[in-house]
Each structure stands twice: as structure tokens, then as C-alpha cells.
Amino acid sequence: MAKKRQDERRPHGELVADVLAALWAADEPLTAHQVNDALGTGLARTTMATILGRLYEKGTLRRVPSGRGFAYEPVADAPGLAAGRMHRELESEPRRDLVLKRFVTSLSEGDEETLRRLLLEAEGKDETE
């Protein structure tokens, strides 16, 4: 990744996305220093530790002791994290039926077909259990 000038700000969420990508690509949990090295951002280790700590507090990462600090790994892959966000949004809305209706009516034809297939698959699994 090319280094950015210090006066350039990243778009919201870009650094978090880069951090998660580095963690998903790793075969083991990484420390703040290791994530910083993987990204080549030149951020202070404490800045990276703060980002990782916040992602841990949100439940996006789990951490394991590593030396005097921690190493971090994602709790889910990218589709799992997106599904979790969708679920939290749905849980926070009292009119779930309306949210689901609006969601379904906004799907492309291909996504709607995929959703129908997945619902039928899930229904079939429930009947066999």
C-alpha cells in the first residue's frame, strides 16, 4: 500500500477495512506492530493499538495475550461481519416487517432469486433436523 502524506485524510472506514483485510490475510493473530508493518502506513504503534482495541470492544476482533500486549484476529470473515451488521440493524428496528419488506423490494432480480433459494434451502434443513 502506498504511503499517504500526513495531511491527507482517509475516507471514513478505509483504515478499518485495510486493518481487517490484513488480519484476514494472516495465518495467525497479529500485534499492532505487525498490522502496521503489513499495511505500511507509518502510523504510530499506539494509534494502531487504539484502532485494534476499538474493534475488539465492538466485538469485531478477539485478542490473545502476546508478550506485554495483545495480538488480534477477526471473529468472522467479511460476509459474516456484514451479516452481523444487517442483523443488528434489524434488531434495532421495532417495525422489522416493514424493514424486511423494503429490503426485499429493493433487491435486484438476481439477489431476489438468491434470497429465495437460500430461504428454501434453510427451510429444507429445518425439516430434516
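Further up the page is the structure itself.
On a predicted model such as this, the values are computed, not experimentally measured, just so you know. (Residues numbered from 1 in each chain as written. Predicted model: local features only at pLDDT ≥ 70, side-chain atom pairs only at ≥ 80, totals over all residues. Heavy atoms only, no water.)

1. Details of the side chain of Thr31
Here is step 1: Note that Thr31 resides in the loop between helix H1 (14-25) and helix H2 (32-39).
Here is step 2: Thr31 gets classed as buried once you look at its relative accessible area, which sits at 17%.
Here is step 3: Discounting residues that sit within four places of it in the chain, Thr31 has contacts with Leu52, Ser66, Phe70 and Ala71. (Helix = DSSP H or I, 4+ residues; strand = E, 2+ residues; numbered from the N terminus. Buried < 20%, exposed > 50% of the residue type's maximum accessible area, 1.4 Å probe, protein only. Contact = heavy atoms within 4.5 Å.)

2. Comments concerning the packing of H2 against helix H3 (residues 45-57)
Here is step 1: The interhelical angle for the contact between H2 and H3, taken along N-to-C directions, is 105 degrees, at an axis separation of 9 Å. In this view, H2 runs roughly perpendicular relative to H3, as classed from their interaxial angle. Contact with H2, carried on its side by Ala32, His33, Val35, Asn36 and Leu39, involves Arg45, Met48, Ala49 and Leu52 of H3 and no other residues of that element.
Here is step 2: Grouping the amino acids of the contact of H2 with H3 by side-chain chemistry returns six nonpolar, two polar and one charged. (Axes fitted to C-alpha atoms, helices over the stretch in contact; angles between N-to-C directions. Parallel < 35°, antiparallel > 145°, perpendicular 65-115°, else oblique. Nonpolar A, V, L, I, M, F, W, Y, C, P; charged D, E, K, R; others polar.)

3. Here's the deal with the pattern of salt bridges
Two side chains of opposite charge can pair, provided their charged atoms sit close to one another.
Here is step 1: The tally for this structure, following the rule as stated, stands at five salt bridges.
Here is step 2: A salt bridge links Glu91 to Arg96, with the shortest nitrogen-to-oxygen separation between them at 2.8 Å.
Here is step 3: Assessed through its relative accessible area of 44%, Glu91 is described here as partly exposed.
Here is step 4: Across the salt bridge formed by Glu121 and Arg117, the nearest N and O atoms sit 3.0 Å from each other. Highlighted residues: Glu121 and Arg117, both in helix H6 (residues 109-128), separated by four residues, approximately one helical turn.
Here is step 5: Relative accessible area serves as the criterion here: at 39%, Glu121 is assigned to the partly exposed category.
Here is step 6: Classification of Arg117 as partly exposed rests on a relative accessible area of 43%. (Salt bridge = Lys/Arg side-chain N within 4 Å of Asp/Glu carboxyl O.)

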